[in-house]
Structure formats: structure tokens, C-alpha cells
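Reading the structure
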Amino acid sequence: KQKESLLVGLKEDNGTEQTLIGLSSLGFSDNMAAKIFEKYHEKTLDILHQDPYRLAYEIEGIGFVRADQIAHELGFGATDPVRLKGALFESILQLSLQEGNTYTNGKELLQRTLELLEHSRSEKIEPELIADQLLQLGEAGQVISEDGRIYLKRYYYAEYESAKELQRLMERPKLKAVTETELKKALAQIEAEEGITYGKSQKEAILQAVVSPVFLLTGGPGTGKTTIINGIVQLFAEIHELDLSEQRQVPILLAAPTGRAAKKMSESTGLYASTIHRLLGLNGREEQSSEEAKELEGAL
């Protein structure tokens, strides 16, 4: 058993070493080679020889041009379908990020893809070849076209599921029927107790947020969003007769994209706030301190 265990270990180590040597021969630094190997493991070299353009959209720090250099070294021609597909994926992604959308349109996509391909290698590409490849990607379900919008598959379904969840939230019954007069009276009482006077737009935001299944508040830095969040929490607690000092009993969860924003929310409201990733458990339980884990479990 010891012999077998040693042999397995030696073979794995040798496979890793050969892969890293192969990556080094393609010009990757030790750090980047380790990063690529961590992603693909023993399949690394096979994946690179099949589709080196995966590096551009699966490995941070590697763009299309670098992946194209690797592909050229591995013998992929300028009009190879794998290259055209890689450029289309890269262009959809960049156009979506640039516009802040989950999709782009056909005209911009073809133009950007053509520019990317011809900039990376000084070889002219016929637009029809790109259009044909786009159609094939659509037939294979790798990109999705709808009403003139072209999506990467994962973005399309992310948008669809988001819309589906928003609809579900919108259709939820109200927690408690409260009249507008009661809400305004409760808010006035909070103002008196906290020694604060909310502006007209702030009052409207707080009142709407408390009675809406879903509410979106926008505004730049210094526009009073944190003050409004605190008002929402205070008013919700007031109309539902909640004691905010008993955090484990409060059915309010606060979350923000960053730890700094979560900390600011917590300081403002006096309630526990976490990052969105931590709230959803996406960072793993090990990243939470035992105290934070207890607080989150209590809140949930």
C-alpha cells in the first residue's frame, strides 16, 4: 500500500511538473502558470491545445491578445473557428461591461470582433466568417439572441432568473396593512425621538420603501442614502412593534457589496450587517469569525 501510494504521488508530481514546464515554454510566468494549473489541473495542456481562447474569459489577467499569441504558437490559423468564437465571446463580454448591460447588438458585436481579430494579427478577416460563426454559436445555444439583443448564455439566464425572483417578491403579500396616516405619524415620532428632520424626498423614500415588496433607492455619495436606510429600519420596527435592541429577534437583514459599506450600515442602524457574499454563504463559513457566524445564524 505504501508503494502504491508513493507511485501515485510521484506520477501526480511528475504530471504537474510537466504541465508547468509546458506552460513555461509558452511564455507564462511561474505565478501565471500556477494560476492556470489551479484552474484546469491535469487537463491544462489538453485544454490549451483544444481551445487556448478559454484563457481570455476564464483566467483573470489574460486577455484575448495574449491568448491569441498562444494560439498562434500552437498553430491556430487566423480564420480558425476556435479563434473566431473566442473573439466573439470576448467582444460580447467587453461590450456588455462597457454599456453596463447583459447583452449587446449584432452590428456593434460584428464591428468590435472584426477590430479585435485584425488588431491582434495583421490579417484581414471577412465579416461573413464572423457572422457564420455567430450563427453557429446561436444554434449551439452558447449565445442567445432575443429581440435584437445578443447575450452570453450565462448572462441571459442570470437576467431571466433575476427578473423571475423580482416578480416573486413583487407578488408577496404585505406583512401588515398600515394606513398612510399611521405611517406618517410613526415617522414624525421617530424624527422627534432621534432629533432629526427628514427632507421631503427622504420622507417619500422611507414611506415607499416600508410598504413596497421591492424598493430601489439610488443616489451619489453624500445624498443621504445611509440616513434613509436608518429611517427605513426605524419605521419598519415602529409599525411592526420590534425592539431593535434584541437583534436576534429582529427580522431584518442588512447586506452590502463591500465590507466597508456593511460596516457603515451597521454603525448607522445599530444592527448587524454583512457583505452580500457572506450573507449568501458564497465565501464559505471558514471566512467568518465565530462571532460573526453566530450573529448571522441568529439573524437568519
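So, here's what we can say about the structure. Note that the coordinates shown come from a computational prediction; the quantities given were computed from them, not determined experimentally.

1. Remarks on a negative patch on the surface
The grouping of Glu-193, Glu-194, Glu-238 and Glu-241 at the surface amounts to a negative patch. Among the structural elements, Glu-194 can be located in helix 10 (residues 180-194). Given the relative accessible area of 44%, Glu-194 is considered partly exposed.

2. So, a nonpolar patch on the surface
A grouping of Leu-166, Met-170 and Val-214 is seen on the molecular surface, where their side chains present a nonpolar patch of about 250 Å² in accessible area. Along the chain, the position of Met-170 falls in helix 9 (residues 153-170).

3. Observations regarding the sheet that holds strand 2 (residues 143-146)
Spatially, 1-3-2 is the arrangement adopted by the three strands of the open sheet, whose pairing is antiparallel. Whereas interior strands pair on both sides, the edge strands pair on one side only; in this sheet they are strand 1 (103-104) and strand 2. One ladder, built from four bridges, connects strand 2 with strand 3 (residues 149-152); its direction is antiparallel. Residue Ile-144 lies in a different strand from strand 3, and its bridge partner there is Tyr-151.

4. A short note on the pattern of salt bridges
One pass over the full model with this rule turns up nine salt bridges. Between Arg-83 and Asp-68 there is a salt bridge; the shortest N-O distance is 2.8 Å. Of the two residues, Arg-83 is situated in helix 6 (residues 81-99) and Asp-68 in helix 5 (residues 64-73); the sequence distance between them amounts to 15 residues. Two residues, Arg-121 and Asp-68, come together in a salt bridge whose shortest N-O distance is 3.1 Å. Note that Arg-121 is positioned in the loop between helix 7 (106-120) and helix 8 (127-139) and Asp-68 in helix 5, a separation of 53 residues in sequence.

5. Re the packing of aromatic side chains
Across all of its chains, the model carries four aromatic pairs by this definition. Here Tyr-151 and Tyr-156 contribute two aromatic rings whose centre-to-centre distance is 5.1 Å and whose plane-to-plane angle is 85°, an arrangement assigned as edge-to-face. Note on Tyr-156: relative accessible area 15%, which makes it buried. Joined through ring pairs, the aromatic side chains of Tyr-103, Tyr-151, Tyr-156 and Tyr-157 make up one cluster. Arg-66 extends its terminal NZ or CZ atom over the ring of Phe-28, reaching a point 4.8 Å from the ring centre. Taking the ring centre of Tyr-103 as reference, the NZ or CZ of Arg-149 above it sits at 5.5 Å.

6. Focus: the nonpolar core
The biggest cluster of nonpolar side chains holds 38 residues, and the ones touching the most others in it are Phe-28, Ile-36 and Leu-55. Listed by contribution, the elements that provide at least two residues to this core are helix 2 (30-40), helix 3 (44-50), helix 4 (54-58), helix 5, helix 6, helix 7, helix 8 and strand 3. Among the elements that take part in this core, helix 6 stands out by supplying seven residues, more than any other. The contact partners of Ile-36, leaving out residues within four places of it in the chain, are Leu-23, Phe-28, His-41, Thr-44, Leu-55, Ile-59 and Ile-62.

7. Quick word on the side chain of Thr-275
Relative to the assigned elements, Thr-275 resides in strand 5 (residues 273-275). Reaching out from Thr-275, the side chain makes a polar contact with the backbone nitrogen of Arg-278 at a distance of 3.1 Å. Those residues within four positions of Thr-275 in sequence are excluded, and the remaining contacts are Ala-255, Ala-256, Pro-257, Thr-258, Gly-259 and Ala-262.

8. Description of the environment of Glu-123
By the element assignment, Glu-123 lies in the loop between helix 7 and helix 8. Separated by 44 residues in the primary sequence, Glu-123 and Thr-79 place their C-alpha atoms 9.2 Å from one another. Setting aside its immediate chain neighbours within four residues, Glu-123 contacts Ala-78 and Glu-118.

9. A short note on unusual backbone geometry
Its identity is not glycine, yet Asp-147 carries a phi of approximately 50°, on the positive side. With respect to the helices and strands, Asp-147 occurs in the loop between strand 2 and strand 3. Residue Asp-147 is classed as exposed on the basis of its relative accessible area, which comes to 67%. Although it is not a glycine, Glu-241 sits at a positive phi angle of roughly 55°. Assignment of secondary structure puts Glu-241 in the loop between helix 12 (225-239) and strand 4 (254-256).

Reading guide: rules and limits
Along each chain, numbering runs from 1 in the same order as the chain's sequence is written. At least 70 in pLDDT is required for a residue's local features to be given in this predicted model, at least 80 for side-chain atom pairs to be given and counted, and no such filter applies to totals for whole chains, interfaces and linings, which use all residues. Hydrogens and water molecules were not included; the side-chain quantities draw on all heavy atoms of the structure. The patches reported here contain residues having more than 30% relative accessible area and no salt bridge. Joining distances are 9 Å for like charges and 5 Å for nonpolar side chains (Val, Leu, Ile, Met, Phe, Trp, Tyr). All accessible-area figures derive from a Shrake-Rupley calculation using a 1.4 Å probe, and residue coverage is judged against the displayed protein chains alone. Only one rule defines a salt bridge in this text: a Lys or Arg side-chain nitrogen within 4 Å of an Asp or Glu carboxyl oxygen. Asp and Glu count as negative and Lys and Arg as positive, but His and the ends of the chain are not part of the count. All charge positions are set by atom: Lys at NZ, Arg at CZ, Asp at CG, Glu at CD. Every helix listed is a DSSP run of H or I at least four residues long, and every strand listed is a run of E at least two residues long, numbered separately from the N terminus. For each residue, the accessible area found with a 1.4 Å probe, counting protein chains only, is set against the maximum for its type, and the residue is called buried under 20%, exposed over 50%, and partly exposed in between. What makes two strands pair is DSSP finding at least two bridges between them. In this scheme Phe, Tyr and Trp rings, the latter by its six-membered ring, pair at centre separations within 6.5 Å, and the angle between planes marks the pair as stacked below 30 degrees, edge-to-face above 60, and tilted otherwise. In this scheme, the term charge over a ring applies when either NZ of a lysine or CZ of an arginine sits within 6 Å of the ring centre and within 35 degrees of the ring normal. Within this scheme, the nonpolar core is defined by two criteria: the residues are buried Ala, Val, Leu, Ile, Met, Phe, Trp, Tyr or Cys, and they are joined through side-chain atoms within 4.5 Å. Throughout, a residue-residue contact means that at least one pair of heavy atoms, one from each residue, lies within 4.5 Å. In the analysis that follows, any N or O atom pair within 3.5 Å is treated as a polar contact, provided that within protein one partner can donate a hydrogen and the other can accept it, and provided that, for residues neighboring in sequence, both atoms belong to side chains.

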